Amino acid sequence: MHNSSTDLWKQLTGNDQFRWLFAGNTALFFGFFSTILLRSLLAWELTQDEMALAYINLVTAICMFTTSLFSGVIIDRSERRILMFIAQLVVFCAESIILILLVNDRLTYGYLMMSAVAASVAFPFIMPARTAMLVDAVGKPPLGKATAMLTGGVNIARMISPAAVGFLVDASDFVYGYVFLLSLHFLSLLCTTRLREYPAAEQRQEGFVGELIKGFAYIIKNPSLGMAILFGVLPMLVVVPLQNLMVVFVDEIWNAGGSGLGIMMGTMGIGGLVGSLLMALLKEGRLVKPMVIGTLCMATFLLFFSHAPAFKLAVVMVMGIYSCSVFSQTLVQTAVQLMAEDHIRGRITTITMMSFSLAPMGTIPLAYASKHLGADWAMTIAAVSLMIAVILMWSLSPAFRQIDGAAGY
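Source: prediction; values computed, not measured.

Caption draft 1: Structural context of the overall build of the protein chain. Each helix and strand in the protein chain was counted, giving 17 helices and zero strands. Radius of gyration (C-alpha) of the protein chain: 21 Å, near the 22 Å computed for a compact globule of 409 residues. Over its C-alpha atoms, taken along the principal directions, the protein chain stretches across nearly 55 × 50 × 40 Å. Evaluated residue by residue, the protein chain yields a buried proportion of 53% over its 409 residues.

Caption draft 2: Structural context of the nonpolar core. With 97 residues, the main nonpolar core has Leu-242, Met-264, Phe-305, Ile-348 and Phe-400 as its most contacted residues. Top element by residues in this core is helix α12 (residues 311–339). It accounts for 15 residues. With residues up to four places along the chain from it excluded, the contact list for Phe-305 reads Leu-242, Met-246, Phe-249, Trp-254, Met-264, Ala-314, Met-317, Val-318 and Ile-321. Leu-38, Leu-42, Leu-99 and Leu-102 belong to the second-largest nonpolar core, a separate cluster that totals 19 residues.

Caption draft 3: Just the layout of surface pockets, in detail. Roughly 210 Å³ of volume is contained in the second largest pocket. Forming the boundary of the second largest pocket are 14 residues, of which Val-238, Ile-381, Ala-382, Ser-385 and Leu-386 lie nearest the centre. Those elements that place two or more of their residues in the lining of the second largest pocket are α9 (223–253), α14 (363–373) and α15 (375–396). Considered class by class, the residues forming the lining of the second largest pocket number 12 nonpolar, two polar and no charged.

Caption draft 4: A look at helix α6 (residues 143–171). Relative to the 42 Å expected for 29 residues at 1.5 Å per residue, α6 spans 41 Å between its end C-alpha atoms, a close match to the ideal helical length. The sharpest bend along α6 measures roughly 30° and falls at Ile-160, with the proline Pro-162 sitting one to four residues further on.

Caption draft 5: Layout of the packing of helix α4 (residues 80–103) against helix α7 (residues 174–193). Between α4 and α7, whose axes approach to 10 Å, the crossing angle comes to 165°. With respect to each other, α4 and α7 are oriented roughly antiparallel. As α4 packs across α7, the resulting crossing turns out to be left-handed. Here the contact of α4 with α7 is built from residues that sort into 17 nonpolar, six polar and two charged.

Caption draft 6: Main features of a nonpolar patch on the surface. A contiguous nonpolar surface patch, about 500 Å² in accessible area, is contributed by Phe-65, Leu-69, Phe-70, Phe-208, Val-209 and Ile-213. Sorting the residues of the nonpolar patch by element identifies α3 (50–77) and α8 (208–221) as the ones contributing at least two each. Take Ile-213: it is sitting in helix α8. In this structure Ile-213 comes out as exposed when scored by relative accessible area, which is 52%.

Caption draft 7: Geometry of the packing of helix α2 (residues 16–47) against α7. Direction vectors running N to C along α2 and α7 enclose 155°, while the axes themselves pass 8 Å from each other. Here α2 is positioned roughly antiparallel relative to α7, judged by the angle of their axes. Viewed along their axes, α2 and α7 form a crossing whose handedness is left-handed. Partitioned by chemical class, the residues of the contact of α2 with α7 number 16 nonpolar, seven polar and two charged.

Caption draft 8: Just α7, in detail. Its 20 residues place the ends of α7 29 Å apart at the C-alpha level, agreeing with the 28 Å of an ideal helix rising 1.5 Å per residue. Sitting at the head of α7, Asp-173 places a side-chain oxygen 3.0 Å from the backbone nitrogen of Val-175.

Caption draft 9: Expanded view of the pattern of salt bridges. Per the counting criterion, the structure on display carries nine salt bridges. In this structure, Asp-342 engages Arg-345 in a salt bridge whose closest nitrogen and oxygen atoms are separated by 3.1 Å. For Arg-345, a relative accessible area of 3% corresponds to the buried category. Where salt bridges share partners, they join Asp-76, Arg-77, Arg-80, Glu-211, Asp-342, Arg-345 and Arg-347 into one cluster.

Caption draft 10: The arrangement of the environment of Glu-211 in detail. Along the chain, Glu-211 turns up in helix α8. By relative accessible area, Glu-211 is classed as buried at 1%. Sequence separation of Glu-211 and Asp-76 is 135 residues, and the distance between their C-alpha atoms is 9.4 Å.

Caption draft 11: Expanded view of the confidence of the model for the protein chain. With 91% of its residues at a pLDDT of 70 or more, the protein chain shows a mean pLDDT of 85. At the level of individual helices and strands, the protein chain shows its lowest average pLDDT in helix α1 (residues 5–13), which scores 70, and its highest in helix α16 (residues 398–401), which scores 96.

Caption draft 12: Looking closely at the packing of aromatic side chains. Counted by the stated rule, this structure contains 12 aromatic pairs. When the ring of Phe-32 is compared with that of Phe-33, the centres are 5.4 Å apart and the planes differ by 70°; the resulting orientation is edge-to-face. Looking at Phe-32, the relative accessible area reads 26%, which means it is partly exposed. Here the aromatic residues Phe-29, Phe-32, Phe-33 and Phe-123 are joined through ring pairs into a cluster of three or more. Taking NZ or CZ as reference, Arg-196 lies 4.1 Å from the ring centre of Tyr-198, over its face.

Criteria and cut-off values
Residues numbered from 1 in each chain as written. Predicted model: local features only at pLDDT ≥ 70, side-chain atom pairs only at ≥ 80, totals over all residues. Heavy atoms only, no water. Helix = DSSP H or I, 4+ residues; strand = E, 2+ residues; numbered from the N terminus. Rg over C-alpha atoms; globule rule 2.2 N^0.38 Å. Buried < 20%, exposed > 50% of the residue type's maximum accessible area, 1.4 Å probe, protein only. Core = buried A, V, L, I, M, F, W, Y, C linked by side-chain atoms within 4.5 Å. Contact = heavy atoms within 4.5 Å. 1 Å grid on protein atoms, 1.4 Å probe; cavity = no way out; pocket = protein on both sides within 12 Å on 5 of 7 lines; lining within 4 Å. Points joined across faces, edges and corners; volume = space filled by probe spheres on them. Nonpolar A, V, L, I, M, F, W, Y, C, P; charged D, E, K, R; others polar. Expected span 1.5 Å × (residues − 1). Bend = angle between axes of the 7 residues up to and from the residue. Axes fitted to C-alpha atoms, helices over the stretch in contact; angles between N-to-C directions. Parallel < 35°, antiparallel > 145°, perpendicular 65-115°, else oblique. Left-handed = near helix turned anticlockwise from the far one by under 90°. Patch = residues over 30% accessible without salt bridge, like charges linked within 9 Å, V, L, I, M, F, W, Y side chains within 5 Å. Areas by Shrake-Rupley, 256 points an atom, 1.4 Å probe, with all protein chains shown as cover. Salt bridge = Lys/Arg side-chain N within 4 Å of Asp/Glu carboxyl O. Polar contact = N/O pair within 3.5 Å; in protein donor to acceptor, adjacent residues only side chain to side chain. pLDDT = per-residue confidence, 0-100. Phe/Tyr/Trp six-rings, centres within 6.5 Å; stacked < 30°, edge-to-face > 60°. Lys NZ or Arg CZ within 6 Å of the ring centre and 35° of its normal.

Structure (structure tokens):
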């Protein structure tokens, strides 16, 4: 790809479809991260039961994983703008019902759970549809920059939205928090209405199950695509458990308390934004080499983090970990979209989402190791294992090394 970075940026900034996709995606994730905070706070206030928090998150994860099994087929069969609008409308209606129940003082944990189920069923239609539309909207040369900008918007939302909503709830009430949340989802809906039609690619439609199987068969027939998806899962098996176990480091190693945990969570978002900026500044031409270097750097930062003697140094290491993680993941997403043909892109995107949803499973062995070896040595083992896995994949898999060629680089 010989397009200069300046030319690619001009293509993006002058593309009204990309601007609406970016604005809608950013507003959506401002609402998404607001929902996570509000739902947790409400579940706790309604039940005062730690398990209630676990149940609602477990049900959400199960619904998203299950829906992802078939949502890709529907995305590939449908006009994507309308499908995305309907899914967003479901989320908006579900959260509107919670607001109405709050105003009338009739909200129960059961209603909150049903709202979470509705939103988690809709989400696997929204993100894969938007991702599938992105390639058609911007073309392949600027795709890496476009993905980096979308990821940057998500990380800005991760940094700002929970703090803003938390302050709003503390200063006023849950009702105002939900009014703010609904305004964000309404803004995302308006952005979707400004998009043109993105019809399904013309193809002979098989049975539903046949098309579902065809998505997995497509990955098997394109081993470089499968290796890119697998490579993307590896760092997630460390990053997601680290986020879940961060409270152990903050409390037991550095004694930084709740404020320290808040600083760490905010630093994760800042690191993600830095990673998006790094990707945006990356020259076009290579995918595999930056993916490998970024992931190895992430593992190195994790080693230093695990044995950081001071909290401030650990904060810097966390920024490095999440910068490298987002940088690598953006490259993976770009590679996957470039290698997937349009008629099957929705299925490939949802299969990628399904694989990433397995990442929380890494929390179980890491939590066990932390209990018996200590959190520092558990993360040390995870970092070294990640390094070994990356080196082995690079050394032993020709399909992995051929990702650049398969993606058209």
